[in-house]
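# Residue-level structure breakdown
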Amino acid sequence: MNRYPLWKYLTVLAALIIGLLYTLPNFFGESPAVQIAGAKTSVKIDNSVLARAQQVLAERGIESTGAFYEQNGPVGAVRIRFATPDIQLAAKDALEKAFNPNPEDPDYTIALNLLSASPNWLTAIGARPMYLGLDLRGGVHFLLEVDMQGALTGRYDSLANDVRSSLRDARIPVSGVERSDHSVVARFDSEQSRDDAVSELRRRMGDMAFTTGTSGDSFLLTGVLTETAIAQVQAHALRQNIVTLHNRINELGVAEPVIQQQGADRIIVQLPGVQDVAKAKEILGRTATLEIRMVDDSPSAMAALSSGNVPFGLERYTDSDGRPLLLRRQVVLTGENLQDAQPGRDQQTQQPSVNLTLDAKGARIFRDVTRDNVGKRMAILLFENNKGQVVTAPVIRGEIPGGQVQISGSMNAQEASDIALLLRAGSLAAPMSIIEERTIGPSLGADNIKMGFNSTLYGFLAIAVFIILYYHLFGLFSTLGLAFNVLLLLAVLSMLQATLTLPGIAAIALTLGMAIDANVLINERIREELRAGLPPQQAIFHGFDRAWGTILDSNLTTLIVGIALLAFGSGPVRGFAVVHCIGILTSMFSSVVGVRALANLWYGRQRKLQSISIGQIWKPKQD
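Residue numbers restart at each chain and count upward from 1, following the sequence in its written direction. Only residues with pLDDT of at least 70 get local features here, since the model is predicted, and only at 80 or more are side-chain atom pairs given and counted; chain-wide, interface and lining totals rely on the full set of residues. The side-chain numbers reported here are obtained from all heavy atoms of the structure, hydrogens and water having been left aside.

A few words on the overall build of the protein. The helix and strand inventory of the protein stands at 16 helices and 23 strands. Atoms counted for the radius of gyration: C-alpha only. Globule rule: 2.2 Å times the number of residues to the power 0.38. Computed over its C-alpha atoms, the radius of gyration of the protein comes to 33 Å, more than 25% above the 25 Å expected for a compact globule of 623 residues. The principal-axis extents of the C-alpha atoms in the protein amount to approximately 115 × 65 × 50 Å. Within the protein, buried positions represent 48% of all 623 residues. We call two residues in contact when some of their heavy atoms are within 4.5 Å. In the protein, 73% of the contacts between residues at least 6 apart in sequence involve partners at least 24 apart. Each accessible area is a Shrake-Rupley result for a 1.4 Å probe, and residues are judged covered by the shown protein chains and nothing else. Of the accessible surface of the protein, which amounts to about 30,000 Å², a share of 55% is contributed by carbon and sulfur atoms. Positive charge is attributed to Lys and Arg, negative charge to Asp and Glu, and no charge count is given to His or to the chain ends. The location of each charge is read from NZ of Lys, CZ of Arg, CG of Asp or CD of Glu. Side chains of the protein carry 56 positive and 58 negative charges; the gap between the two charge centres is 8 Å. The numbering of helices and of strands both runs from the N terminus, where a helix is a DSSP run of H or I of at least 4 residues and a strand a run of E of at least 2. Only protein chains enter the accessibility calculation, which uses a 1.4 Å probe; a residue is then buried when its area is under 20% of its type maximum, exposed when over 50%, and partly exposed in between.

What follows is the structure in structure tokens.
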């Protein structure tokens, strides 16, 4: 009656082994480390950088406990572990001097970090520790303010181009179109042209309000965004900046950053494990803005370039091979118009390419520009730290309609993938400034971990002592099931690579109380069956079987609340909810399946069982 089939015992044993293996990395702690990443899009990190770093450390007599290269984003990163923080700081100084001889223009970001100290054999089977939040691991916290006026300025620059294109398509003569603060002003030589422009632009650009006026002999048409459109621009700028920060920080290997909106124009950025505030700023500074401009290859421009002069209206840049280029100042498109960028291959030549997808406005502008500039070159620039770099400058072969753009040329598959990723993640919709920063040291995080661990441990011991004294052997079964539950919970969180915070530790402590509640229900049900006169074997069977319905109902109602917190909460609330929901599921398995397996192993083979150790069974008084 109380015997599991072999497959159930094997299932519990497999769960126990998996729980041990995937929980184990969390007990090895972290080692101080130095991370080397590229500070510019043109700087690639590969195994040669790793070899160079190891050579620099060997020459300085600095020993490391492990070093590896990890491809993470377009440039990857090199990470080197050390035994103590003192060695870590000495290594950082040595690497900084070797890799960045010119501190004013660094090629590499050398940042202090923390890495898991778990052995390689655990890492090889995918057993990694949970990520720790800022309150447990230490790190840096920034509060960024988005320049909404800058976002509007960029939007009006784009609208000025739209107005020019619309008037040109409608064949309406215009003397000039320019942005004036937060408005677009068009000048006309006749009142009739201005009135025609009003009708055309109101039809095409419904998110703008137009007014007319005069200035000397010119007839003016001034357009401004409506209040609704301004709110949309600002909301879009905030969303795009958050997405861009996620992409760029993830590419630089910062584990589980927290990036979320605060208020109407602010963004919170938390980088756990990063102790160097200056380098954290460099990481944020790697966010880039994208622009597309025309290249001037005319004989006069090239002659001026060869003589070292830059003609008016042009700017000098260098391409990826270091060759000089002259670009027009007028911006054709910005990253605002780019919806997607993916690597691919040219269908005719099978050469690696980058396939861009533009939005409707960008597609219209790009079609007009490519139609009017066949045979000329178009440059794609990324601006990082106010320094522009030409990613690629292909020749326009013909008109490109539909918003599907293919960039091909002298690039391999890896370079195509890198360019696509940089273009996809590189555009900020508006400038940002840091208005608050603070550092949480690793010692404070260690104190939080110690207090959270001790509170959970003492709570577990108190529950174990009570349950064993009250239920005897079945109390021991319940205690082992409780330990099994914590083991499974930590293993699942580690496998999911969840981020553990102080609220998460609170959820683990709460899970202990909820898990023991299920065992209390089972033990009391077994006692009731014994009081009713059932034999011990039947009492055990019916106790587990009939308590299951109550356990399921109570845990489902609690799970509903946890899912609601997960769906509608944010930040620490979501962290609590994740641990809470997983803890409910693991407690149901450990209490019903794990504890029953122990009871079956101990009592299931005893055919003539006379009594069981489940504490004092109080029988009801007889009237």
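And the narrative resumes.
Before going further, it helps to examine the sheet that holds strand β11 (residues 258–262). Only strands that DSSP links by at least two bridges are regarded as paired with each other. Pairing is antiparallel across the open sheet formed by four strands, whose spatial order is β11-β12-β6-β22. Every interior strand has two partners, whereas the edge strands, β11 and β22 (432–440), have only one. This sheet shows a mean twist of 20° between the axes of neighbouring strands, independent of strand direction. By the bridge criterion, five bridges tie β11 to strand β12 (residues 266–272) in an arrangement that is antiparallel. Its bridge partner lying in β12, V258 is registered against Q270. Note on definitions: angles span 0 to 180 degrees between N-to-C directions of axes, and those axes are lines fitted to C-alpha atoms, for helices only across the stretch in contact.

In this section: helix α10 (residues 299–306). Restricting attention to buried positions, one finds in α10 the residues A301, A304 and L305. Each buried residue of α10 sits inside an arc of 100° when the element is viewed along its axis, so together they form one side. Within α10, the exposed residues directed more than 90 degrees away from the buried face are P299, S300 and S306. Contact partners of the buried residues in α10: β14 (314–318) and β15 (324–328). Just past α10, the residue G308 takes up positive phi, approximately 90°. What the arc describes is the spread of directions from the helix axis to the C-beta atoms.

Patches here: salt-bridge-free residues with over 30% relative accessible area, like charges joined within 9 Å, nonpolar side chains (Val, Leu, Ile, Met, Phe, Trp, Tyr) joined within 5 Å. Only one rule defines a salt bridge in this text: a Lys or Arg side-chain nitrogen within 4 Å of an Asp or Glu carboxyl oxygen. A cluster of nonpolar residues, L24, F27, F28, W121, I125, F453, L457, Y458 and L461, forms a patch on the protein surface that exposes about 920 Å² of accessible area. With four residues, the single largest contributor to the nonpolar patch is helix α13 (residues 442–495). Considering the arrangement of structural elements, one finds L457 in helix α13. The class of L457 is partly exposed, set by a relative accessible area of 31%.

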